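Residue-level listing of the chains:
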Amino acid sequence: MRLLLSLSFVFFVFFQTSFGQKQPITYYLPDISYDQSIPTPEQMFGFQIGEWHLSHDQLLAYYRQLDQVSDRITLYEYARSHEHRPLIYLVITSKKNHDNIQSLQQQHVDLCDPSKSGKLDLSKMPIVVYQGFSIHGNEPSGANGAPLVAYYLAAGQSEEVNRLLDDALIIFDPVFNPDGFHRFSTWANMHKNKNLTADNADREYNEEWPRGRTNHYWFDLNRDWLPGQQPESAGRIKNFQAWKPNILTDHHEMGTNSTFFFMPGIQSRVNPVTPLRNQELTFKIGEFHAKALDEIGSLYYTQENYDDFYYGKGSTFPDAQGCIGILFEQASSRGHLQDTPNGPLSFAFTIRNQVRTALSTQKAAISMRTELLDYQRSFYKNAMDEAQRDERNAFIVGEKFDRARLMKFVELVRRQNVRVHELGEKVTVNGKTFEPGSAYVIPLEQPQYKLILGMFQRETSFTDSIFYDVSAWTLPLAFNLEYDALPGKLFSKKLLGKEVGEVKMAEGQVLGSASDVAFAFEWDEYYAPAALYHLLQNDLIVKVASKPFDGHTKDGLRNFNYGTVVIGIQNQPKQGEELLELLKEAAIIGRLNIYGLTTGLTPTGIDVGSNFMEPLEKPKVLLLVGDGVTSYDAGEIWHLLDTRYQMPVTKVESNRLNANLLSRFNVVIMANGNYNSVNAEILKTWVAEGGTLIGFENAVKWLESKQLAAVEFKKMKDDSSGRLPYVGAPEDRGALQLSGAIFEGELDLTHPIAYGYRRSKMPVFRGSNDFMEPAQSPYAMPLYYSQEPLMAGYMHSRFNNMAPGSASVIVSGHGRGKVICMADNTNFRAFWYGTNKLLANAIFFGNTISGQTIERSRKK
């Protein structure tokens, strides 16, 4: 026994010193001479990389120091995060190239323009490599390794380094996600043991919700490269378009028990828009990574788990733009040291793999320089040739009633360096009429042809049935815009009006005077909820029209639709010019027009004083968060209300919910998740007293299980029979996942949940296998799926009988309150503008829904 204890102690000491000790810099970097005037990371931080998790401010200080002392490095700030942290990139190259940097940058942009690229001498052009790290904040090895790579480039004294600096422009983005990265570094360091423990049960390896993966509003920034809805992404996209890199690398981490992954991914899941040559070059670059990892004995794999399908990911986004996107996934220590089936995994080891593959990327770039430059030139030339052969000449996109939503779409497209024109003259395409002033044209014959196809992609049949991410993201559908392709027979240059430069949002105004008897604004505009909240916050008496009417304005008769917001002048806390000023503020916030009504009597429809004008309450919103809740979905709701609707939302851990707390709110939102820690009876009482409870996806299943919602879910039939090959089990299970498709919904335009919509057919993002049975009350289902619901994306045949006619939204309730059940995420990744108003309507108008129309119980 004593011998065993002694051996155990020896092993323990060996284990700690071998895997938890400080490593020399040559553990990470080539053993070459380095410029002594350039500070090493250890000299800057006071500890070696890998001993502690670096914070964002420490990294920033080091890069600023390198910028000051090295003529190989220039630092640029390109954005600020939500928490106001600087996002920076370094341009790393030789002094000679720095002295000519603007010309080299323009030359590289010209390489992507077929009208100019043929004149360029590729033998003299440097290659552009964009290297980015840790877009997921709790995948820290990339960003912790980045200072070592930067030091190597700034201080390295070798022929290889000199050639690299002469032949390459390295755009070095050291921390894609500063807020999440900083959050995680604090967690890992505050729980680090002096005597490291490798037991994954330790608190160091188990972050608190929402964890450090995401940005401030809990968004996965690695799904935002195409939509660009977050400030970090918008800045990064601008960098990409300004430099047009040949290679873009994206350094990540994965599960602790894995090894190391690098592209290529699964070949059957490559987006069909991506050329085959892209993957051939990806394979060739991969040989450099394999060699680098073989040299240090690190295990790795390729062509498993990950794919190149969704263009919103960092490793796929470049593939539609003549660039090679490379994903790296390192098994994560999620702290400083963990036991794994592959042996002890130290933080230092994870960093070393990231550093070595960053360097192998640079080696590949130099070795393949002219080949990659030629590929990029050919990519855009071939794209232009394909565009000229395409039977479609352009896409046309329009929206007559919601200019803000249309302009946000145009802004997204323009951000990606796509040329857009105002519509020059009226045109009808497949029964849809588009008019100047409310429509835009995107010509296909332009260099970004491939990316445009990716934006409008609408496949429903695929060679593979499994997707690492969503299978559909058709952008005009996500924005709920009317659109179509313009074939050659309908296209003419007269349709191309003024080219869009900087996108300018509409400015709201009040079209009336203090002498008017009331004011009204339509609910169509995207930012109308922000205007309404501003009025309610200032204690105005505000009503919503549950029926249409024609109102007299100073410019004549105007039709006001369902959901029109009406403000009378009597009994308001502000009168005359003060009231008018408050209305002007609301018009500016909501980017809409507020119309003065000269009389309360209407020639058609309800009068201004009608009982069909429903009084509104200021929503006091509680959003349940914490363990069990999907942070992405909760973050999307928080982001929508906070940044777009300009209204406060109180985020409360679900296990803290009690009656006293609930009494302070009139709206509770439950994002997708598990709510087993919530006392259902407390919620039921609160609803019965008049509260509005809004549940999404799995939250609806919890509401149903607790008899809080009168809904029922369909059951999938198991139609498998006989024996199947064991090896195919993972793929068979994966094929049954409806992970992200676009369905067609049917709206009841008279229902309060549908206020602000003009077309009864609506694209809906569908990301769940669970389908609700139709409501039994004929009035309680404002949104359901059409009989042929699949508009874009993949759906397994087992859902063919489940999806048609299923409910997307059901309004249930208890007592005086409402329980609004939403089967789908209306706020997906902040770019699904088209369905955001369903949530806004539930918040502002849920309490106006007649109790006689709701689903109170289900008959079996």
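See the structure printed just above.
This write-up is about the structure you can find in this document. (Residues numbered from 1 in each chain as written. Predicted model: local features only at pLDDT ≥ 70, side-chain atom pairs only at ≥ 80, totals over all residues. Heavy atoms only, no water.)

To continue, consider the overall build of the protein chain. The number of helices and strands found in the protein chain is 24 helices and 35 strands. For a compact globule of 860 residues, the expected C-alpha radius of gyration is about 29 Å, and the protein chain comes in at 29 Å, within 12% of that figure. Its C-alpha atoms put the protein chain at 85 × 80 × 65 Å along the principal axes. Across the 860 residues of the protein chain, 61% fall into the buried class. Considering only residue pairs separated by 6 or more positions, the protein chain has 79% of its internal contacts joining residues 24 or more positions apart. As displayed, the protein chain offers around 33200 Å² of accessible surface, 47% of which is attributable to carbon and sulfur atoms. (Helix = DSSP H or I, 4+ residues; strand = E, 2+ residues; numbered from the N terminus. Rg over C-alpha atoms; globule rule 2.2 N^0.38 Å. Buried < 20%, exposed > 50% of the residue type's maximum accessible area, 1.4 Å probe, protein only. Contact = heavy atoms within 4.5 Å. Areas by Shrake-Rupley, 256 points an atom, 1.4 Å probe, with all protein chains shown as cover.)

This part takes up the side chain of Ser-808. Within the secondary structure, Ser-808 is located in strand E34 (residues 807-814). Looking at Ser-808, the relative accessible area reads 3%, which means it is buried. A polar side-chain atom of Ser-808 sits 2.8 Å from a polar atom in the side chain of Asp-824. For Ser-808, the residues in contact, after removing those within four places along its chain, are Val-764, Met-772, Leu-783, Tyr-784, Tyr-785, Cys-821, Met-822, Ala-823 and Asp-824. (Polar contact = N/O pair within 3.5 Å; in protein donor to acceptor, adjacent residues only side chain to side chain.)

This next bit is on the sheet that holds strand E18 (residues 496-499). Across the sheet, five strands lie side by side as E17-E12-E16-E13-E18; this open sheet has antiparallel pairing. Two strands bound the open sheet, and with one partner strand each, they are strand E17 (482-487) and E18. Adjacent strand axes in the sheet meet at a mean angle of 35 degrees when their direction is disregarded. Bridge analysis of strand E13 (residues 421-423) against E18 gives two bridges, and the strand direction is antiparallel. For His-421, the partnering residue across the bridge sits in E18 and is Glu-499. Against the sheet, helix H14 (residues 403-415) makes contact with strand E12 (392-398) and strand E16 (439-443), and its axis sits at roughly 15 degrees relative to E16, the strand it touches most. (Pairing = 2+ DSSP bridges. Axes fitted to C-alpha atoms, helices over the stretch in contact; angles between N-to-C directions.)

Right, let's get into the packing of helix H11 (residues 276-296) against helix H13 (residues 369-389). Interhelical geometry of H11 versus H13 gives an angle of 165 degrees and a closest axis separation of 11 Å. If you check the angle between H11 and H13, you find them roughly antiparallel. The way H11 lies across H13 gives a crossing that is left-handed. On H13, the residues touching Arg-277, Asn-278, Leu-281 and Lys-284 of H11 are Glu-371, Leu-372 and Tyr-375. Here the residues of the contact of H11 with H13 sort into three nonpolar, one polar and three charged. (Parallel < 35°, antiparallel > 145°, perpendicular 65-115°, else oblique. Left-handed = near helix turned anticlockwise from the far one by under 90°. Nonpolar A, V, L, I, M, F, W, Y, C, P; charged D, E, K, R; others polar.)

For the rest of this paragraph, the subject is the sheet that holds strand E19 (residues 509-511). Strands sit in the order E19-E25-E20-E24-E21-E26 across an open sheet of six strands; the sheet is mixed. At either end of the open sheet lies a strand with only one pairing partner, and these are E19 and strand E26 (613-615). Here the strands of the sheet are splayed against their neighbours by 30 degrees on average, with no regard to which way each runs. Of the strand pairs in this sheet, strand E20 (residues 518-521) and strand E24 (residues 565-568) are connected by four bridges, and their pairing is antiparallel. Bridge pairing in E24 links Ala-520 to Val-566. In the packing of helix H17 (residues 528-537) onto the sheet, contacts are made with E20 and E24, and the angle to E20 comes to roughly 150 degrees.

In this fold, Asp-550 is placed in strand E22 (residues 549-553). The charged side chain of Asp-550 is buried without a salt bridge, its nearest counter-charge being Arg-558 at 9.2 Å. Within polar-contact distance, the side chain of Asp-550 engages the side chain of Asn-559 at 2.8 Å. (Lys, Arg positive; Asp, Glu negative; His and termini not counted. Salt bridge = Lys/Arg side-chain N within 4 Å of Asp/Glu carboxyl O.)

The next thing to look at is the packing of aromatic side chains. Scanning the entire structure with this criterion turns up 51 aromatic pairs. Pairing Phe-379 with Tyr-380 gives two aromatic rings, centres 5.1 Å apart and planes at 80 degrees, and the pair type is edge-to-face. (Phe/Tyr/Trp six-rings, centres within 6.5 Å; stacked < 30°, edge-to-face > 60°.)

Along strand E25 (residues 593-597), four of the five residues are buried, which leaves the element largely enclosed by surrounding structure. Two strands pair when backbone bridges link them, and E19 and E25 are joined in this way by three bridges, in the parallel orientation. Bridging from a neighbouring strand, Val-510 pairs with Ile-594 of E25. Sheet analysis places E20 next to E25, joined by three bridges and oriented antiparallel. In the strand pairing of E25, Phe-519 is matched with Gly-596.

Below, the discussion takes up the state of the cysteines. Here the structure, examined in full by the defined rule, presents zero disulfides. Here Cys-112 is not cross-linked by a disulfide; its sulfur's nearest cysteine counterpart is in Cys-323, at 9.1 Å. Exposure remark for Cys-112: the relative accessible area of 5% places this residue in the buried category. (Disulfide = S-S within 2.5 Å.)

We now examine the nonpolar core. Grouped together as the largest cluster of nonpolar side chains are 164 residues, with contacts concentrated most on Phe-409, Phe-521, Leu-532, Ile-669, Met-670, Leu-683 and Ile-843. When neighbours within four sequence positions are excluded, Leu-532 is seen to be in contact with Phe-521, Trp-523, Val-542, Val-565, Leu-616, Phe-844 and Phe-845. Within the second largest apolar cluster, 72 residues are counted, among which are Leu-66, Val-129, Tyr-151 and Ala-155. (Core = buried A, V, L, I, M, F, W, Y, C linked by side-chain atoms within 4.5 Å.)

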